[in-house]
Amino acid sequence: MEKTTEENERTTYVRSMFNSIAKNYDFLNHFLSGGVDVWWRNKAMQLLLPFQPKKILDVACGTGDFSIAAAQKISPQEIIGVDIADEMLHIGRKKIAKKNLQHIIYLETGDAEHLQFDGHYFDAAIVAFGVRNFAHLEKGLQEMQRVLSENGVILILEFSKPQGFIFRQLY
């Protein structure tokens, strides 16, 4: 299915924004979450662990933190991370190499709403702090479901909109 002009514009904007902040992304993520993002990733891996997925897709993987957490906590055979921002992937590949996980984690350019994988390939699809950037949430979720095996699981870690006035304004 071809992308609409609106989808292409949204993708171009998101790609450009994340490529421009890639060098500061990890710091910003940790700072804006008060450092809780690391704890949240670990907690999310505890939820995924009982499913023991062997093949994991990390959608909107950014610099690979969720992929790294999955490799360290779950020990799957393969993790493929996709993101539209090449600069984020470049930083992620360096982090993965430093942790000697390049034999498990592979990062590639890809669009969450147009995944280039065969159906029913992955045991789990994960995404951390990325669904808010999907141009069409339903389309991204449908794509994640399409590539899952019959008993596959989707795990989404995302900020919610704060209810308190001050925090809502900061958000």
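(A) Representation of the nonpolar core in the model. If you look at the biggest cluster of nonpolar residues, it comprises 33 residues, and the most contacted ones within it are M45, L48, F66, I105 and I126. Of all the secondary-structure elements, those providing two or more residues to this core are helix 1 (5-32), helix 2 (36-48), helix 3 (65-74), helix 4 (86-98), strand 3 (105-109), strand 4 (122-128) and strand 5 (148-157). With 6 residues, the top contributor of residues to this core is helix 3. Residues contacting I105, with those up to four places away along its chain left out, are S67, I68, A71, I79 and I96. With 15 residues, the next largest nonpolar core counts L57, A112, F117 and F122 among its residues.

(B) Here's a closer look at the side chain of K95. Looking at where K95 falls in the secondary structure, it is placed in helix 4. Look past the residues within four positions of K95 in its chain and what remains in contact with it is D26, T63, D65 and I68.

(C) A look at the pattern of salt bridges. The full count for this structure, using the stated rule, is 6 salt bridges. The shortest N-O distance in the salt bridge between K95 and D26 comes to 2.9 Å. Residue K95 is located in helix 4, and its partner D26 is located in helix 1; the two are separated by 69 residues in the primary sequence. K95 sits in the buried class, given a relative accessible area of 18%. Taking relative accessible area as the criterion, D26 reaches 17% and is therefore assigned buried.

Scoring rules and cut-offs
- Residues numbered from 1 in each chain as written.
- Predicted model: local features only at pLDDT ≥ 70, side-chain atom pairs only at ≥ 80, totals over all residues.
- Heavy atoms only, no water.
- Core = buried A, V, L, I, M, F, W, Y, C linked by side-chain atoms within 4.5 Å.
- Buried < 20%, exposed > 50% of the residue type's maximum accessible area, 1.4 Å probe, protein only.
- Helix = DSSP H or I, 4+ residues; strand = E, 2+ residues; numbered from the N terminus.
- Contact = heavy atoms within 4.5 Å.
- Salt bridge = Lys/Arg side-chain N within 4 Å of Asp/Glu carboxyl O.

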